[in-house]
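Summary of the model geometry
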Amino acid sequence: MIFPDAMLGMLGGGQLGRMFTLAAHIMGYRVTVLDPDPLSPAGAVADVHLKAAYQDIEALQHLADSCAAVTTEFENVPAESLRWLAKHCTVRPAGDAVAIAQDRIREKAFFRACGLGVAPYAVIENENDISKAPANLFPGILKRARFGYDGKGQTTVANTGQAYAAFHKMGADSCVLEQRLILEREVSVIVARGEGGEGRSFPLAENRHRKGILDVSIVPARVTHELAARAEAGALRIAEQLNYVGVLAVEFFVTTAGELLVNEMAPRPHNSGHYTIDACATSQFEQQVRTLCGLPLSDTRLLSPVVMVNLLGEAWAHGEPAWQQVFNLPEAKLHLYGKHEARFGRKMGHYTVLGASAEAALAEALKVRAALYPDWTD
Ligand code: ATP
Ligand code: MG
């Protein structure tokens with residue numbers, strides 16, 4: 001086990017790295033962040049900020065020499081960098097697991113091999129694959145196999161002709177064509193798996209998206225216990241089959257036909273798990289520190305129903321947001337990530353609202369949301 005005040009390494013300096021760093025600091029660890037951006041949210045709170053590229057051998061050597069263990073917050077971190085580091089120090093999760101999560105084609109095949117359902121899809125490498133795609137995949141969503149996030153690298157296509165056009169527009173890189181499902185709702189689950197194979201799940205979150213970006217998470221999700229248990233068991237099975245050590249997020253679709261289908265996974269804490277900071281016995285970030293350091297997993301129980309709302313750059317459209325709307329509500333908590341430029345679609349922060357029930361928290365949270373996004377009608 002790695003005890004405080006060891007130095008921990010973090011590849012990636014975004015908000016997930018920042019919240020990891022804050023959790024590590026509370027426990028008495030020190031953190032070195034590697035991120036080329038001099039203004040990165042995690043770099044600003046880290047003990048050491050290495051401003052270098054993720055493949056920079058000198059920087060990786062520095063991490064390996066100075067850190068007891070290294071992890072990542074950034075999905076597209078070069079798996080090669082993780083593999084290189086693993087030869088010199090403890091790295092969790094393993095580069096191989098991260099590589100599967102980075103590639104939708106490998107990821108979907110892996111989910112199926114785990115015995116889990118996914119949306120009907122076809123692998124698209126060229127035009128011929130599009131012409132051969134079964135008709136039931138339309139209307140569909142063409143998704144780039146790699147480097148997509150927040151709905152980027154995705155196009156809705158009604159027919160083969162639109163699919164050709166979208167394929168070329170996205171650079172003719174490998175894609176998957178997925179049937180566009182009629183969703184009843186979306187849910188996600190964050191699990192942690194320790195080095196001894198023990199696994200633990202956080203409560204299921206129900207997620208609402210706006211324009212492909214997570215907007216609101218509601219916990220507990222308004223689904224049956226049976227469905228929640230199936231999602232948690234599915235996520236734990238994925239972690240086990242990957243021989244995963246660390247925190248893993250799994251997103252699911254619930255169709256109107258009542259099916260539970262895996263959408264994708266992220267080899268790290270997840271936006272839909274931010275509610276754990278304010279509403280669970282342990283946050284997903286403390287759990288990440290624990291799995292990284294080989295400590296026992298801790299209690300994941302939900303202490304109160306909670307709703308999380310993302311704060312995107314749009315909230316700054318008319319200047320500084322009306323923060324008193326959040327602060328006036330005693331059961332609300334504001335989290336800002338220290339980003340200097342508010343761009344549309346950029347995740348700047350979030351707030352959570354506790355309540356006697358998920359419905360009560362949601363009602364309060366949406367009132368605040370309406371005040372912070374005066375231009376939004378949905
Ligand atoms: P993120 O990284 O933010 O999770 P992403 O860019 O990796 O997003 P997905 O999770 O694949 O993309 O899709 C984003 C959202 O688009 C989903 O959460 C869902 O709302 C919608 N979506 C994606 N695929 C489908 C589908 N097959 N049918 C219906 N809706 C879909
Ligand atoms: Mg997603």
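A brief report on the enclosed structure follows. Model, not experiment: these values are computed from the prediction.

Some words on the pairing of strand S18 (residues 347-354)
By the criterion of burial, S18 is predominantly enclosed, with 7 of the 8 residues buried. The pairing of strand S16 (residues 306-312) with S18 spans 7 bridges and is antiparallel. By the bridge assignment for S18, Val-306 is matched with Leu-354. Here strand S17 (residues 332-336) runs beside S18; their pairing, made up of 5 bridges, is antiparallel. Looking at S18, one finds that Lys-333 is bridged to Thr-352.

Let's talk about the sheet that holds strand S1 (residues 7-11)
With respect to topology, 5 strands assemble into an open sheet ordered S3-S2-S1-S4-S5, the strand pairing being parallel. Each of the sheet's edge strands pairs with one partner strand only, and the pair in question is strand S3 (48-50) and strand S5 (90-91). Sitting on the sheet, helix H10 (residues 284-293) is in contact with S1 and strand S4 (69-72), with an inclination near 140 degrees to S4.

Regarding the site of ligand 1
The environment of ligand 1 is formed by 19 residues, the closest being Lys-143, Gly-151, Gln-154, Glu-186 and Glu-264. One of the side-chain N or O atoms of Glu-178 is found 2.8 Å from a nitrogen atom in ligand 1. One of the side-chain nitrogen or oxygen atoms of Glu-264 is found 2.8 Å away from an oxygen atom of ligand 1. In the complex, the protein chains occlude 90% of the 610 Å² of accessible area that ligand 1 would expose alone. Secondary structure elements with two or more residues in the shell around ligand 1: strand S7 (140-144), strand S9 (175-179), strand S10 (183-193), strand S14 (246-255) and strand S15 (260-266). Considered class by class, the residues forming the shell around ligand 1 number 5 nonpolar, 5 polar and 9 charged. Here the shell around ligand 1 spans two domains, and each of domain 2 (120-179) and domain 3 (183-372) adds at least three residues to it.

Thresholds applied
Residues numbered from 1 in each chain as written. Chains lettered and ligands numbered in written order. Predicted model: local features only at pLDDT ≥ 70, side-chain atom pairs only at ≥ 80, totals over all residues. Heavy atoms only, no water. Buried < 20%, exposed > 50% of the residue type's maximum accessible area, 1.4 Å probe, protein only. Helix = DSSP H or I, 4+ residues; strand = E, 2+ residues; numbered from the N terminus. Pairing = 2+ DSSP bridges. Contact = heavy atoms within 4.5 Å. Axes fitted to C-alpha atoms, helices over the stretch in contact; angles between N-to-C directions. Near = heavy atom within 4 Å. Polar contact = N/O pair within 3.5 Å; in protein donor to acceptor, adjacent residues only side chain to side chain. Areas by Shrake-Rupley, 256 points an atom, 1.4 Å probe, with all protein chains shown as cover. Nonpolar A, V, L, I, M, F, W, Y, C, P; charged D, E, K, R; others polar. Domains from an automatic or database assignment.

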